[in-house]
Amino acid sequence: MVRSYLRYREEGRRVMGVVCSADSAHSIAYDEREGVAVVPALSKVALWKMRHGSLVRTFHSEDVDTSGVVVTQLSPDGAHVFAGYADGVIRAWNRASGACDKTLSGHRSRVSCIAFGRAGTLLVSGSDDTTVIVWDLLQDRGLFRLKGHKAPITCCRYLEKSNAIITSSKDTHVKVWDVDTQHCVQTVVGHRAEVWSLAVDSEEARMFTGSVDPNIRVWRLLYEEGAEESEARSGRLPVPTVELLGFVPRSSTERVLQVSLSPSGGTLGVLGKDKFLELFAVFSEEEAARRTKKRVARLVRKRRQKAGMAEAAEDDVLKLTTEEERAQIAADLLVPQQKVVAPALVRSFAFARTAAVPHVLLGLADNRLLLVALSPDTSQELATVALPAHPSDVRSLALSADASLLLSTSNHSARLWNAHTSACVSVVHDTGYALCSLFAPGDRYVLLGTKSGHIDIVMAASGEIVAQVEAHSEAVWSMALLPGDAGIVSGGADKTLKFWNFDLQKLQGSSKRTLSLVLTQTVVMEDDVLAITISRDSKFLAVALLDNTVKVFFADSMKFFLSLYGHKLPVLSLDISADSLLLITASADKNVKIWGLDFGECRRSLFAHNDSVMQVKFVGDTHLFFSAGKDNAIKYWDADKVCVFFMLKNVYTLCIPLLSLCMWLS
């Protein structure tokens with residue numbers, strides 16, 4: 001007999017509290033004409049009006065499942081937004097209609113960078129699959145693929161004057177490609193580690209690269225003799241040769257994430273893994289030559305004085321070595337200007353597209369956008385876009401009994417959301433690190449188990465912490481409601497199980513009553529308690545311990561029943577089916593095991609995910625269950641047929657593992 005299953009899909013692609021999910025260089029863009037920021041928002045492209053802090057539009061296809069957006073760029077005419085996705089696809093979204101006008105498929109892995117050429121008719125894309133593809137945007141097809149790098153591509157630039165492409169990679173190399181011959185004409189090997197970003201000035205005479213070391217390398221693009229005659233005859237210069245000029249030190253010791261030039265070419269922005277953006281003033285060749293001449297004269301004069309030599313004959317002039325001369329030239333080309341300090345780590349930045357507007361857009365790691373106005377010596381914050389989202393990883397989720405409220409917890413905060421409108425109802429501050437959570441019966445109160453060992457009782461409507469119970473001496477890893485909703489059982493790293501009854505107590509100085517917990521029983525376990533579950537018929541209580549085992553007790557008497565062992569790493573989550581026949585366990589060893597509760601036999605061991613399995617849940621009265629893993633996937637299983645038949649796609653972020661799931665069935 002053919003068995004049918006319910007199909008789950010993301011409801012309207014709703015995500016709560018997402019502003020910007022930028023996690024790579026060159027991933028955001030800013031249109032200063034309309035004051036609109038173009039940023040990745042998980043699987044969508046979001047357009048934010050910076051002055052008002054309002055969402056203008058999102059680009060996403062409901063008919064096609066898209067993976068996470070990695071990079072976004074505005075086309076030269078500003079009419080389209082090009083987005084590179086984690087599955088290797090590039091899509092062009094029409095800003096006026098919101099339709100996807102182009103879909104370019106050719107990469108086998110994450111698109112890491114894109115660049116335009118020939119007035120927007122040519123597109124160059126680099127990927128983690130180590131290849132570079134050149135696309136014809138007029139005919140919507142790939143022209144050719146460039147192979148040669150041995151590691152993921154990090155940045156690419158098209159040289160208009162010479163019809164060449166420069167790419168950087170994690171293989172420590174920078175390569176120069178001739179578009180006409182489709183071959184690499186030079187491999188630059190001046191870096192000792194990964195090259196994370198590069199920038200080329202508008203004159204295509206200088207290049208700046210950033211790597212792991214705390215220096216910016218300055219390069220000169222040299223054209224062979226007779227280049228001007230060649231340009232007059234064919235309309236383009238020959239492919240240049242890259243030569244090292246020198247190094248310019250940065251104030252940060254972290255690796256470079258992004259290097260970009262302002263549209264005027266007078267400012268170079270350098271971003272590391274820091275809370276600030278470094279800006280350097282870029283001087284012209286003539287100005288740099290004058291500065292270098294003065295600097296060299298001063299250096300030679302000091303050497304003469306130190307050696308006791310007289311300033312007489314030309315033969316007495318001390319010559320600089322090649323390395324010293326290069327250092328002087330690089331230091332005069334690139335001069336530190338100022339730092340733009342942000343309230344959080346900066347993931348990506350983008351200059352305004354016209355030189356007349358000295359603005360820079362910052363994408364922050366705490367889900368915020370920051371627009372800053374630049375002046376020669378200072379910077380001023382103009383606008384900020386932020387939503388009431390968590391500043392760090394979401395650790396636990398819980399749904400109210402009627403599924404109208406969703407509770408999410410993270411470090412130092414918890415938030416209650418309207419599950420239907422995705423609006424934030426209330427925010428709980430100063431909670432500590434909440435590791436587990438649940439709604440008390442009636443949904444008026446919320447219980448938070450924290451890393452410090454106490455249980456916070458929170459009023460759901462106001463977000464006020466009304467009581468704080470010192471439950472355990474160490475972290476509270478799990479909580480579960482007792483049969484009949486009379487209380488809860490909590491387990492912690494202090495190797496104890498504690499049973500609590502609900503009680504209403506009067507507040508001091510007030511006649512109002514509030515929820516409290518009364519300790520009724522303490523059971524000492526053999527190791528740290530990581531997860532707890534109670535069967536629906538109140539027959540069994542299962543406890544996962546740090547020693548990789550699961551202990552099953554009779555819930556009414558706490559008499560020992562079964563000891564289940566077989567996992568190689570600790571069990572992080574478990575659940576009992578509605579008929580109390582099956583127990584499923586999820587472990588950090590990437591496996592899910594199905595156990596029979598009659599005799600404690602392991603019926604099947606499944607390699608479920610490519611990383612730790614964080615959560616498992618049975619669906620209603622069935623033997624179907626969900627599993628969530630750190631590999632950013634949710635899988636739907638049949639425990640009777642022992643197979644996975646459905647996987648929810650695109651419900652994850654690019655950089656944060658999926659740590660928890662919750663569900664509600666009517």
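Fair warning: this is a prediction, and the values are worked out from it, not measured in the lab. (Residues numbered from 1 in each chain as written. Predicted model: local features only at pLDDT ≥ 70, side-chain atom pairs only at ≥ 80, totals over all residues. Heavy atoms only, no water.)

Trainee: How should I be thinking about the overall build of the protein in this particular structure?
Mentor: Tallying secondary structure elements over the protein gives three helices and 50 strands in all. Projected onto its principal axes, the C-alpha coordinates of the protein cover approximately 100 × 65 × 45 Å. Looking at the protein as a whole, 53% of its 666 residues are labelled buried. Contacts in the protein between residues far apart in sequence, at least 24 positions, make up 46% of those at least 6 positions apart. When the accessible surface of the protein is totalled, it reaches about 29,500 Å², and 50% of it is carbon and sulfur. Between the centroid of the 74 positive side chains of the protein and the centroid of its 75 negative side chains there is a distance of 0 Å. (Helix = DSSP H or I, 4+ residues; strand = E, 2+ residues; numbered from the N terminus. Buried < 20%, exposed > 50% of the residue type's maximum accessible area, 1.4 Å probe, protein only. Contact = heavy atoms within 4.5 Å. Areas by Shrake-Rupley, 256 points an atom, 1.4 Å probe, with all protein chains shown as cover. Lys, Arg positive; Asp, Glu negative; His and termini not counted. Charge placed at Lys NZ, Arg CZ, Asp CG, Glu CD.)

Trainee: Even after reading the chapter, I still don't get the sheet that holds strand β12 (residues 141-147), so can you show me in this structure?
Mentor: Backbone-to-backbone hydrogen bonds join strands into a sheet, with any given pair of strands oriented parallel or antiparallel. Strand order in the open sheet formed by four strands is β9-β10-β11-β12, and the pairing between neighbours is antiparallel. Single-partner strands in this sheet number two, and they are β9 (111-117) and β12. Pairs of neighbouring strands in the sheet enclose a mean axial angle of 20 degrees, with direction left out of account. (Pairing = 2+ DSSP bridges. Axes fitted to C-alpha atoms, helices over the stretch in contact; angles between N-to-C directions.)

Trainee: Sorry if this is basic, but what is going on with the pattern of salt bridges here?
Mentor: Opposite charge on two side chains lets them pair, provided their charged atoms get close. Per the counting criterion, the structure on display carries 17 salt bridges. Across the pair Asp 366 and Arg 368 runs a salt bridge whose closest N-O atoms are separated by 2.6 Å. A relative accessible area of 23% places Arg 368 in the partly exposed class. Through salt bridges with shared partners, a single network forms among Asp 31, Arg 33, Glu 34 and Arg 95. (Salt bridge = Lys/Arg side-chain N within 4 Å of Asp/Glu carboxyl O.)

Trainee: Is there a simple way to explain the side chain of Ser 580 in this structure?
Mentor: Its place among the elements puts Ser 580 in the loop between β43 (571-576) and β44 (582-587). A polar atom in the side chain of Ser 580 sits 2.9 Å from the side chain of Asp 537. In this view, Ser 580 contacts Ser 535, Asp 537, Phe 540 and Leu 597; residues no more than four positions away in its chain are not counted. (Polar contact = N/O pair within 3.5 Å; in protein donor to acceptor, adjacent residues only side chain to side chain.)

Trainee: Before we go on, may I ask you to explain the environment of Ser 437 in this structure?
Mentor: Along the chain, Ser 437 turns up in strand β31 (residues 424-439). When the C-alpha positions of Ser 437 and Asp 87 are compared, they lie 34 Å apart, and in sequence the two are 350 residues distant. Residues within four places of Ser 437 in sequence aside, it is in contact with Ser 396, Leu 397, Ala 398, Leu 407, Thr 409, Leu 447, Leu 448 and Met 479. Within the structure, Ser 437 has its side chain in polar contact with the side chain of Ser 396 (distance 3.0 Å).

Trainee: Please clarify how unusual backbone geometry should be interpreted in this entry.
Mentor: For residues other than glycine, phi is negative in most cases, and the peptide bonds are mostly trans. A positive phi angle, close to 60 degrees, is found at Gln 182, a residue other than glycine. One can find Gln 182 in the loop between β15 (174-178) and β16 (183-188). Accessibility expressed as a relative area gives 38% for Gln 182, which makes it partly exposed. Backbone geometry at Asn 548 places phi at a positive 75 degrees, although glycine is not the residue there. Mapped onto the fold, Asn 548 is located in the loop between β40 (540-545) and β41 (550-554).

Trainee: What should I look at first to understand the confidence of the model for the protein in this one?
Mentor: Predicted coordinates in areas of low pLDDT are best not read in detail. Scored by pLDDT, the protein comes out at a mean of 88, with 90% of its residues at no less than 70. Here residues 312-318 is modelled with pLDDT under 50, and outside its nearest four sequence neighbours on either side it reaches nine contacts, counting other chains as well. (pLDDT = per-residue confidence, 0-100.)

Trainee: I tried to follow the packing of aromatic side chains on my own but got confused; where do I start?
Mentor: Think of a pair of aromatic rings as described by two things: how far the centres are apart, and how the planes are tilted against each other in angle. This structure, assessed with the given rule, holds 11 aromatic pairs. Ring geometry for Phe 553 against Phe 560: centres 5.9 Å apart, planes inclined by 75 degrees, an arrangement best described as edge-to-face. On the accessibility criterion, Phe 560 (46% relative accessible area) is partly exposed. With 5.0 Å between their ring centres and 50 degrees between their planes, Phe 554 and Phe 561 make a pair best called tilted. Take Phe 554: its relative accessible area is 25%, and that puts it in the partly exposed class. Here Phe 561 falls in the partly exposed class, since its relative accessible area comes to 25%. Put simply, the rings of Phe 540, Phe 554 and Phe 561 pair up and form one aromatic cluster. If you follow Arg 255 out to its NZ or CZ, it ends over the ring of Trp 196, 3.6 Å from the centre. A cation sits over an aromatic face here: Lys 339 above Phe 276, 4.5 Å from the ring centre. (Phe/Tyr/Trp six-rings, centres within 6.5 Å; stacked < 30°, edge-to-face > 60°. Lys NZ or Arg CZ within 6 Å of the ring centre and 35° of its normal.)

Trainee: Hey, could you run me through the pairing of strand β49 (residues 633-638) in this one?
Mentor: Along a regular strand, successive side chains alternate from one face of the sheet to the other. With respect to burial, β49 is a largely interior element, six of its six residues being buried. Judged by which residues are buried, β49 turns out to be covered on both faces: Ala 633, Lys 635 and Trp 637 on one side and Ile 634, Tyr 636 and Asp 638 on the other are all buried. As paired elements, strand β48 (residues 624-629) and β49 share six bridges and run antiparallel to each other. Among the inter-strand pairings, Ala 628 is bridged to a residue of β49, identified as Ile 634. Pairing analysis gives five bridges linking β49 to strand β50 (residues 643-648), with the strands arranged antiparallel. Each bridged residue has a counterpart across the sheet, and for Lys 635 the counterpart in β50 is Met 647.

Trainee: Explain the sheet that holds strand β28 (residues 379-386) to me, please; I cannot follow it from the model alone.
Mentor: Overall, antiparallel pairing links the four strands, which are arranged β25-β26-β27-β28 in an open sheet. Looking at strand neighbours, the two that pair on one side only are β25 (346-351) and β28, the edges of this open sheet. Across the sheet, the mean angle separating the axes of adjacent strands is 20 degrees when strand polarity is ignored. Here strand β27 (residues 368-374) pairs with β28 via seven bridges, running antiparallel. Within β28, the position partnered with Leu 374 by the bridge is Ser 379.

Trainee: Hey, could you run me through a positive patch on the surface in this one?
Mentor: A grouping of Lys 294, Arg 298, Arg 301 and Lys 302 is seen on the molecular surface, where their side chains present a positively charged patch. With respect to the element layout, Arg 298 can be found in helix α2 (residues 285-307). Given a relative accessible area of 44%, Arg 298 falls into the partly exposed group. (Patch = residues over 30% accessible without salt bridge, like charges linked within 9 Å, V, L, I, M, F, W, Y side chains within 5 Å.)

Trainee: What is the right way to look at empty space enclosed by the protein in this model?
Mentor: Leftover empty space is mapped by rolling, across the atoms, a probe with the size of a water molecule. Throughout the structure, instances matching the rule amount to one cavity of 30 Å³ or more. Quantified by volume, the largest cavity comes out at close to 30 Å³. Around the largest cavity, the lining residues are Leu 257, Lys 273, Leu 345, Val 346 and Arg 347. Its residues assigned to classes, the lining of the largest cavity comprises three nonpolar, no polar and two charged. (1 Å grid on protein atoms, 1.4 Å probe; cavity = no way out; pocket = protein on both sides within 12 Å on 5 of 7 lines; lining within 4 Å. Points joined across faces, edges and corners; volume = space filled by probe spheres on them. Nonpolar A, V, L, I, M, F, W, Y, C, P; charged D, E, K, R; others polar.)

Trainee: Would you mind showing me how to read the environment of Ala 199 here?
Mentor: Among the secondary structure elements, Ala 199 is positioned in strand β17 (residues 197-200). Residue Ala 199 is classed as buried on the basis of its relative accessible area, which comes to 3%. A sequence separation of 403 residues divides Ala 199 from Cys 602, and the C-alpha atoms of the two residues are 58 Å apart. When residues no more than four places from it in sequence are discounted, the contact partners of Ala 199 are Arg 206, Met 207, Phe 208, Val 259, Ser 260, Leu 261 and Leu 268.

Trainee: Looking at this model, I keep getting lost on the side chain of His 454. Mind explaining?
Mentor: With respect to the element layout, His 454 can be found in strand β33 (residues 454-459). Polar contacts involving the side chain of His 454 include one to the side chain of Ser 452, which spans 2.7 Å. Not counting the four nearest positions on each side in its chain, His 454 is found in contact with Thr 431, Leu 448, Gly 449, Gln 468, Val 469, Glu 470, Ala 471 and Val 476.

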